[in-house]
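Close look at the chain arrangement
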Amino acid sequence: MAPALAWLTGLMVVPCALVLALAFFRRGIYGGVEYTFTLENFAQVFDPLYAGIFLNSARIAGTATLIAVVIGYAAAYAIAAAPRHRQPIYLFFAVLPFWSNYLIRTYAWIVLLNREGLVTQFLRWFGYTGEPPSMLYTEGAVIAGLVYNYLPFVILACYAPLSRLNPELAEASRDLGGSAFTTFRRIVLPLTLPGIAAGAVFVFVLSIGNFVTPALLGGGRFQMIGNLVYDQFLTANDWPFGAALSMVLIAIMMLLLTLQAFAAERASGRATVREEAV
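This text gives an overview of the structure that appears in the document. Quantities reported herein were computed from a predicted structural model and do not represent experimental measurements.

So, on to the packing of helix α3 (residues 48-81) against helix α9 (residues 180-208). Between α3 and α9, whose axes approach to 9 Å, the crossing angle comes to 140°. Our classification of the angle between α3 and α9 gives oblique. Crossing of α3 over α9 shows right-handed handedness. Along the contact surface, α3 presents S57, A58, A61, G62, A64, T65, A68, V69, Y73 and Y77, while α9 presents F184, V188, L189, T192, I196, A200, V203, F204, S207 and I208.

What follows is the structure in structure tokens.
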């Protein structure tokens, strides 16, 4: 394990430690860093202005996560229910967007949603003659971009437990008089909750810190925490405050990942007990 641990230490632990140390210093008068210990940066993070940006980022990321989980779980369920020899093909198409650059995938939504884009042309083909709808540079466009870019994570995370699900459990439920909905609610859904939780955490963690999608599809009108961190480092030249924002964001992500791992472990134990009971 030494090579892997050395790699993680050098490229993750050490940089995070440096950023954490930077958060305890002051910004210089003309930018840069003044090496004077202070806690003002972390106090400033919880200022109502910046706390509001955190909450708005969480709301947008939460909405994108909910939509991605609903669509991704349905897609994973359909793939797992398909014949075995077709499932690899469907999974291939699910992850196909990952073959192109993230920036290109985001720019594609600009082509789709701008006033002279494909969506507007499609509406005109059906006889729409009014003012083109304003779809780009809206919160909906940002959410659509986040869902599209991170949906494959949910599909793969949900497909794994669905594909391993013992079909005899559903058969036993039907033999005992359970309807299709009851079987799904009491058998399938509880046994696949770890996959749902993993996919949801992936999407939420990646969305809340995203700055490319809000900048391109939101047109700068919807500032998320990732954009705020970006601006502090590259525009305001306030590295200590940007470091404090980054560390709070990392702490939120680590908390979510820890809770997800804990919930997955408990769900796995309950699933084992349920299978043994059946």
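Next up on the list: unusual backbone geometry. Its identity as a non-glycine residue notwithstanding, Y137 has a phi of 60°, on the positive side. Checked against the element boundaries, Y137 lands in the loop between α6 (118-125) and α7 (139-163). Non-glycine residue N237 carries a positive phi angle of around 55°. Looking at where N237 falls in the secondary structure, it is placed in the loop between α11 (225-234) and α12 (239-277).

Before going further, it helps to examine the side chain of T213. Counting through the fold element by element, T213 comes out in helix α10 (residues 212-217). A polar contact is formed between the side chain of T213 and the side chain of Y102, at a distance of 2.5 Å. Beyond its immediate sequence surroundings of up to four residues, T213 is in contact with Y102, T106, V142, G145, L146, N149 and G218.

Between the first and last C-alpha of helix α1 (residues 2-22) there are 28 Å, a value that for 21 residues agrees with the 30 Å anticipated at 1.5 Å per step. At T9, α1 is bent by approximately 40°, the largest bend along its length.

A word on the nonpolar core. If you look at the biggest cluster of nonpolar residues, it comprises 33 residues, and the most contacted ones within it are L146 and L217. If you list the elements that add at least two residues to this core, you get α3, α4 (87-95), α5 (102-113), α7, α9 and α10. With twelve residues, α7 is the single largest residue contributor to this core. In contact with L217, not counting residues within four places along its chain, are T106, W109, I110, L136, Y137, T138, A141, V142 and G145. The next biggest cluster of nonpolar side chains, apart from the first, holds 23 residues, and it includes A23, V248, L249 and M253.

Below, the discussion takes up a nonpolar patch on the surface. On the surface, I89, Y90, F92, F93, L96, F98 and W99 cluster together into a nonpolar patch covering about 710 Å² of accessible area. Along the chain, I89 falls in helix α4. What makes I89 partly exposed here is its relative accessible area of 44%.

Turning our attention to the packing of aromatic side chains. Enumeration over the complete set of coordinates arrives at 17 aromatic pairs. Relative to W125, the ring of F122 has its centre 6.5 Å away and its plane inclined at 70°; by these criteria the two rings are edge-to-face. In this pair, F122 and W125 both sit in helix α6, three residues apart, roughly one turn of the helix. We classify W125 as exposed; its relative accessible area is 68%. Ring centres of F153 and F202 lie 5.7 Å apart, and the angle between their planes is 25°; on these two criteria the pair is classed as stacked.

Counting through the fold element by element, D238 comes out in the loop between α11 and α12. For D238, which is buried and forms no salt bridge, the nearest opposite charge comes from R27, at a distance of 4.5 Å. Side-chain polar atoms of D238 contact the backbone nitrogen of F241, separated by 3.4 Å. Other than its neighbours up to four places away in sequence, D238 contacts R27 and Q232.

This part is about the pattern of salt bridges. As enumerated under the stated definition, the model contains two salt bridges in all. For E40, the salt bridge identified is with R26, shortest N-O distance 3.2 Å. Here E40 is found in helix α2 (residues 40-45), whereas its partner R26 is found in strand β1 (residues 26-27), with 14 residues between them in sequence. Across the pair R59 and E139 runs a salt bridge, and its minimum N-O distance is 2.7 Å. Separated by 80 residues along the polypeptide, R59 in helix α3 and E139 in helix α7 bring together distant segments of the chain. By relative accessible area, which is 22% here, E139 ends up partly exposed.

The rules we used
- Residues numbered from 1 in each chain as written.
- Predicted model: local features only at pLDDT ≥ 70, side-chain atom pairs only at ≥ 80, totals over all residues.
- Heavy atoms only, no water.
- Axes fitted to C-alpha atoms, helices over the stretch in contact; angles between N-to-C directions.
- Helix = DSSP H or I, 4+ residues; strand = E, 2+ residues; numbered from the N terminus.
- Parallel < 35°, antiparallel > 145°, perpendicular 65-115°, else oblique.
- Left-handed = near helix turned anticlockwise from the far one by under 90°.
- Contact = heavy atoms within 4.5 Å.
- Polar contact = N/O pair within 3.5 Å; in protein donor to acceptor, adjacent residues only side chain to side chain.
- Expected span 1.5 Å × (residues − 1).
- Bend = angle between axes of the 7 residues up to and from the residue.
- Core = buried A, V, L, I, M, F, W, Y, C linked by side-chain atoms within 4.5 Å.
- Buried < 20%, exposed > 50% of the residue type's maximum accessible area, 1.4 Å probe, protein only.
- Patch = residues over 30% accessible without salt bridge, like charges linked within 9 Å, V, L, I, M, F, W, Y side chains within 5 Å.
- Areas by Shrake-Rupley, 256 points an atom, 1.4 Å probe, with all protein chains shown as cover.
- Salt bridge = Lys/Arg side-chain N within 4 Å of Asp/Glu carboxyl O.
- Phe/Tyr/Trp six-rings, centres within 6.5 Å; stacked < 30°, edge-to-face > 60°.
- Lys, Arg positive; Asp, Glu negative; His and termini not counted.

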